[in-house]
Amino acid sequence: MQIDVHALLQVLVMAAVIAFTRFLPFLAFPEGRKTPRVITYLGGVLPYAIIGMLVVYCFKGVSVVSYPWGLPELIAGAFVVGMHVWLRNTLISVFGGVAVYMILVQLVF
Amino acid sequence: MTKKSFKRAFRDSLPIMAGYLALGIGYGVLLQSKGYSFWWAILMSVTMFAGSGQYAGVDFMASGASLLTTGFMTLIINCRHFFYGVSLLEKYRGTGAAKPYLIFGLTDETYSITATTVLEDDINPKRYYLFLTALNHSYWITGCVLGAVLGMFLPFSSEGIDFAMTALFIVIMVEQWLSSKEHLPAILGVATTVVCLLVFGAEYFIVPALFLIAAELMLFRKKLDKPESEAPHAD
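Residues numbered from 1 in each chain as written. Chains lettered and ligands numbered in written order. Predicted model: local features only at pLDDT ≥ 70, side-chain atom pairs only at ≥ 80, totals over all residues.

Things to note about the overall build of chain B
The criterion, for reference: To qualify as a helix, a DSSP run of H or I must reach at least 4 residues; to qualify as a strand, a run of E must reach at least 2; elements of each kind are numbered from the N terminus. The atom set for the radius of gyration is the C-alpha atoms, and the globule formula is 2.2 Å times the number of residues raised to the power 0.38.
Of the regular secondary structure elements, chain B holds 12 helices and zero strands. Reading chain B from its N end, one meets helices and strands in the order α-α-α-α-α-α-α-α-α-α-α-α. Relative to the globule expectation of 18 Å for 235 residues, the C-alpha radius of gyration of chain B, 19 Å, shows essentially globular dimensions. Here the C-alpha coordinates of chain B stretch approximately 60 × 55 × 30 Å along the principal axes.

Written out as structure tokens, the structure is:
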């Protein structure tokens, strides 16, 4: 069996980075020390901004100037938003959106 | 006491079981569709234990991204964990030998429970947190592996299944939007990133976007920093 060494290293890097993001606060602010105000402030607002950034990141490869003009992404994305505002069920929104997108790219466009 | 703690942890974990099995299966199918067998599903779900991080990770692996890019993007996607930890410093105090594992397994979903749950006096918090984290981890591994195995026998084309990551992020954003009155951080995040994407191009926009967003948030600190600010909503 051929082992993809680069992918294996990628997994190790990702696992290490994720563990780092989880351990850092406990290392930076050991038991019994007060957390700086600016950190709690950023903790309150940054997650909202980062998710906005990641949503845009997901659409980075979409071209709106050539066929199909980003329509599958737009329609499926709008479907996810609509479903989630309506039912607020993560599973229905995600799987419904994926189903719509797969139908669009495989059968429609 | 141990039995009671386990019962309570199991009860609280049931919604997460449903979510992790479904999202894990979707992940395993995605992994398989990019040519990675269930061994990868086991390796990644055990060592990474992160939904959005793993979904994005498949993309980095399939596109052969450099280790530096992979590490940096993973850092951006998961830096929110830092703030989960900050708000759990108190609760996880004195959990002893279990503490490293509790921190390792601090996913959005586990956080959403441990940050909000109020335990009765006859429940041992240390054991409760440990059971909850381990149960969630086991659901996630099971889902990922199931998906990777199912993916081998999928009777239809899986083209387009990578939209799962996009859909997941959109859902988190909608959920945050609906549960918060202050929309400026979300708007800044989207608008700044779109501008950076147009100016710097799809290769290089993330780093400038990240720094600009942080700078803007510091600029708006007076307006946004309220003592009663709500905790970020977990996905």
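Some thoughts on the overall build of chain A
Cut-off, in case you're wondering: Three exposure classes are used, all based on how many other C-beta atoms lie within 10 Å of a residue's own C-beta (placed from the backbone): buried at 20 or more, exposed at 12 or fewer, and partly exposed between those limits.
Helices and strands together make up the secondary structure of chain A, namely four helices and zero strands. When the helices and strands of chain A are listed from N to C terminus, the series reads α-α-α-α. In terms of its C-alpha atoms, chain A occupies a principal-axis envelope of roughly 60 × 45 × 30 Å. For chain A, with 109 residues in total, the buried portion stands at 42%.

Considering helix 9 (residues 163–178) of chain B
Every α-helix winds through 3.6 residues per turn, so residues three or four apart in the chain are directed the same way. Formally: Here the expected span of a helix is defined as 1.5 Å times the quantity of residues minus one.
Between its first and last C-alpha atoms helix 9 of chain B spans 22 Å; for 16 residues at 1.5 Å apiece the expected length is 22 Å, and the two agree. By the criterion of burial, helix 9 of chain B is predominantly enclosed, with 13 of the 16 residues buried.

Let's talk about the domain arrangement of chain B
When the parts of a complex come together, some accessible area is lost, and that lost area is often taken as the interface size. Our working definition: Domain delimitation in this document rests on an assignment produced automatically or drawn from a domain database.
Domain parsing of chain B yields domain 1 (2–151) and domain 2 (179–224). Using C-alpha coordinates to define each centre, domain 1 of chain B is positioned 27 Å away from domain 2 of chain B.

Some words on the nonpolar core
The line we're drawing: By definition, a nonpolar core groups buried Ala, Val, Leu, Ile, Met, Phe, Trp, Tyr and Cys residues that are joined through C-beta atoms within 7 Å. Note on contacts: residues are paired as contacts if their backbone-placed C-beta atoms lie within 7 Å.
A:A49, A:L54, B:A164, B:A167, B:L168 and B:F169 are the most contacted members of the largest nonpolar core, which has 95 residues in total. Top contributing element to this core by residue count: helix 2 (residues 37–58) of chain A, with 13 residues. In terms of domain composition, this core takes at least three residues from each of domain 1 (2–151) and domain 2 (179–224) of chain B. Apart from the residues within four sequence positions on either side, B:A164 is in contact with A:V94, A:V98, B:G26, B:L30 and B:Y55.

Quick look at the interface of chain A and chain B
Which entries qualify depends on this criterion: Only Asp, Glu, Lys and Arg are considered charged, only Ala, Val, Leu, Ile, Met, Phe, Trp, Tyr, Cys and Pro nonpolar, and every remaining residue, Gly among them, polar.
Each partner contributes residues to the interface: chain A has 58 residues there, and chain B has 68 residues. Among the secondary structure elements, those contributing two or more residues to the side of chain A that touches chain B are helix 1 (5–28), helix 2, helix 3 (71–87) and helix 4 (90–108) of chain A. For the side of chain A that touches chain B, the per-class residue count stands at 40 nonpolar, 15 polar and three charged.

Focus: helix 2 (residues 38–47) of chain B
We apply this condition: What the arc measures is the spread of directions leading from the helix axis to the C-beta atoms.
Buried within helix 2 of chain B are the following residues: B:W40, B:A41, B:M44 and B:S45. Down the axis of helix 2 of chain B, the sector holding all buried residues measures 115°, keeping them to one side. Residues of helix 2 of chain B that are buried in the fold lie against helix 1 of chain A together with helix 1 (2–33), helix 3 (51–62) and helix 8 (125–151) of chain B. Looking one or two places after helix 2 of chain B, you find B:F49, whose phi comes out positive at around 50°.

Points about the packing of helix 2 of chain A against helix 11 (residues 206–219) of chain B
Relative placement of two packed helices is described by the angle separating their axes and the distance separating the axes. The criterion, for reference: Orientation is described by lines fitted to C-alpha atoms, with helices fitted over the stretch in contact, and by angles between N-to-C directions that extend from 0 to 180 degrees. Put simply, angles under 35 degrees are roughly parallel, angles over 145 are roughly antiparallel, angles from 65 to 115 are roughly perpendicular, and the rest are oblique. Here a crossing is taken to be left-handed if its near helix is turned anticlockwise relative to the far helix by less than a right angle, and right-handed if that turn runs clockwise.
Two elements in contact, helix 2 of chain A and helix 11 of chain B, have axes whose closest approach is 11 Å; the angle formed by their N-to-C orientations is 150°. Comparing the axis directions of helix 2 of chain A and helix 11 of chain B gives the class roughly antiparallel. In the packing of helix 2 of chain A onto helix 11 of chain B, the handedness of the crossing is right-handed. Two secondary-structure elements touch here, helix 2 of chain A through A:L42, A:V45, A:L46, A:A49, A:M53 and A:Y57 and helix 11 of chain B through B:I206, B:A209, B:I213 and B:L217. For the contact of helix 2 of chain A with helix 11 of chain B, a count of residues per class yields 10 nonpolar, no polar and no charged.

Focus: the environment of A:H84
Tracing the chain through its elements places A:H84 in helix 3. Each C-alpha atom of the pair A:H84 and A:V94 lies 8.8 Å from the other, and the pair is 10 residues apart in sequence. Once you skip the residues sitting within four places of it in the chain, A:H84 turns out to touch A:S93, B:V171 and B:V174.

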